[in-house]
Amino acid sequence: MTFDPEFALSILPRILSTITTTLFATIIGCMGAAALGFLWEIVRRSSKPGRYTMRFLIDFIRSTPLLVQIYFFYFVLPEYGLTLPGLVVGVLALSLYYSGYLAEVFKGGIDSIPAGQFEAAKALGLSRLQLIMFVIAPQMLRNVAAPMGNYFVSLLKATPYLAIIAVPEMLSVALEIASETFRYTEPMTVVGIIFLTLALCFSGLVKVIESRLRLSPKAG
């Protein structure tokens, strides 16, 4: 079966109608993954029990396939009385899965901060919260912008997993079209091109943010 450009253009609006769901899952997932990953790393540094607990948790998250986590939240939790909408499950799973990887990224970013910064903060009498907000976070973000952005792009490309739990995102619509028309080439090609465009836009945005952070004043 040859590729039909006219058919591809005719299904484009239907696929694009769900792009907001894909972008919502991506943006909220990125925010959740960054927040959780940072929390895991801060707790890991808080105490010896916290270090061992977070080491196990992070390794467990990273070693468990994303698909398994999605199935667990969607099919297992309802057996214990907790039923969540498909989109909520998808965002939760994406956030949790990538938080394990971002925790390791944040670890490297914090380790690269000069020890003198922590000593100066202690001398100034800053509280732990102030140390995290005004000393650690700004300098860490400057150090980890590029790898963090790469994981955000990976999270975007992982959103098609949500199709398996009936979330109406772009891949699920493309599969519906394919099952209705028995044509798979055009829907899959259209979805692939859209994801490629989104990934390139995300990558470009990450590069802009990274360059801005590099130009920002550094702590002495």
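Residues numbered from 1 in each chain as written. Predicted model: local features only at pLDDT ≥ 70, side-chain atom pairs only at ≥ 80, totals over all residues. Heavy atoms only, no water.

Caption draft 1: Looking closely at the overall build of the protein. Helix and strand counts for the protein come out as 9 helices and 0 strands. Secondary structure of the protein in N-to-C order comes out as α-α-α-α-α-α-α-α-α. Taking the principal axes of the C-alpha coordinates as reference, the protein spans close to 70 × 45 × 20 Å. When each of the 220 residues of the protein is scored for burial, the buried share is 43%. (Helix = DSSP H or I, 4+ residues; strand = E, 2+ residues; numbered from the N terminus. Buried < 20%, exposed > 50% of the residue type's maximum accessible area, 1.4 Å probe, protein only.)

Caption draft 2: Here's a closer look at the packing of aromatic side chains. This model, assessed by the stated rule, comprises 9 aromatic pairs. Note on phenylalanine 72 and phenylalanine 73: the rings are 5.9 Å apart at their centroids and 75 degrees apart in plane angle, and the pair reads as edge-to-face. Judged by relative accessible area, phenylalanine 73 falls into the buried class, the value being 12%. Following the ring pairs from residue to residue traces out a cluster consisting of Tyr97, Tyr98, Tyr101 and Tyr151. One Lys or Arg, arginine 51, reaches over the ring of tyrosine 52 and ends 5.3 Å from the middle of that ring. (Phe/Tyr/Trp six-rings, centres within 6.5 Å; stacked < 30°, edge-to-face > 60°. Lys NZ or Arg CZ within 6 Å of the ring centre and 35° of its normal.)

Caption draft 3: Structural view of the layout of surface pockets. Considered as a void within the structure, the largest pocket measures approximately 240 Å³ in volume. What lines the largest pocket is Leu141, Ala145, Met148, Gly149, Phe152, Phe202, Leu205, Val206, Ile209 and Leu213. At the level of secondary structure, the elements contributing two or more residues to the lining of the largest pocket comprise helix H7 (128–158) and helix H9 (185–215). Grouping the amino acids of the lining of the largest pocket by side-chain chemistry returns 9 nonpolar, 1 polar and no charged. The space that makes up the second largest pocket amounts to roughly 150 Å³. If you trace the second largest pocket, you find it lined by Leu57, Phe60, Ile61, Thr64, Val68, Gln69, Phe72, Phe73 and Leu96. (1 Å grid on protein atoms, 1.4 Å probe; cavity = no way out; pocket = protein on both sides within 12 Å on 5 of 7 lines; lining within 4 Å. Points joined across faces, edges and corners; volume = space filled by probe spheres on them. Nonpolar A, V, L, I, M, F, W, Y, C, P; charged D, E, K, R; others polar.)

Caption draft 4: Spatial organisation of the packing of helix H1 (residues 5–16) against helix H8 (residues 170–181). Running from amino to carboxyl end, H1 crosses H8 at an angle of 135 degrees, the nearest separation of the two axes being 10 Å. By the angle class used here, H1 and H8 are oblique. In this structure, H1 crosses over H8, and the sense of that crossing is right-handed. Between H1, through Phe7, Ile11, Arg14 and Ile15, and H8, the contact on the second element is made entirely by Met170, Val173, Ala174, Glu176, Ile177, Glu180 and Thr181. (Axes fitted to C-alpha atoms, helices over the stretch in contact; angles between N-to-C directions. Parallel < 35°, antiparallel > 145°, perpendicular 65-115°, else oblique. Left-handed = near helix turned anticlockwise from the far one by under 90°. Contact = heavy atoms within 4.5 Å.)

Caption draft 5: Region of the structure containing the nonpolar core. Within the largest apolar cluster, 37 residues are counted, with the highest numbers of intra-cluster contacts made by Phe38, Leu66, Leu94, Tyr98, Leu102, Phe106 and Ile136. Those elements that place two or more of their residues in this core are helix H2 (19–44), helix H4 (66–76), helix H5 (86–111) and H7. In this structure, Phe7, Ile15, Val173 and Ala199 belong to the second largest nonpolar core, which totals 18 residues. (Core = buried A, V, L, I, M, F, W, Y, C linked by side-chain atoms within 4.5 Å.)

Caption draft 6: Seen up close, the UniProt feature "transmembrane region" (unreviewed entry) in the protein. Here, the residues flagged by UniProt with the feature "transmembrane region" (unreviewed entry) are residues 15–40, 52–74, 80–102, 161–178 and 190–209. Along residues 161–178 the backbone is 50% helical and 0% strand, and the end-to-end C-alpha distance reaches 17 Å. Across residues 190–209, the secondary structure splits into 100% helix and 0% strand, with the terminal C-alpha atoms separated by 29 Å. (UniProt positions renumbered as here; feature names shortened; annotations may be inferred.)

Caption draft 7: Molecular detail of the state of the cysteines. In this structure the tally under the stated criterion is 0 disulfides. As a non-bridged cysteine, cysteine 30 has cysteine 201 as the owner of its nearest cysteine sulfur, 14 Å distant. (Disulfide = S-S within 2.5 Å.)

Caption draft 8: Molecular detail of the confidence of the model for the protein. Residue-level pLDDT values for the protein average 89, and 97% of them are 70 or greater. Element-level mean pLDDT values for the protein span from 80 in helix H6 (residues 115–123) up to 95 in H4. (pLDDT = per-residue confidence, 0-100.)

Caption draft 9: Geometry of the environment of threonine 53. As for its position among the elements, threonine 53 is in helix H3 (residues 48–63). The exposure class assigned to threonine 53 is partly exposed, which follows from its relative accessible area of 45%. Put simply, threonine 53 and tryptophan 40 are 13 residues apart on the chain and 9.5 Å apart in space, counted from C-alpha to C-alpha.

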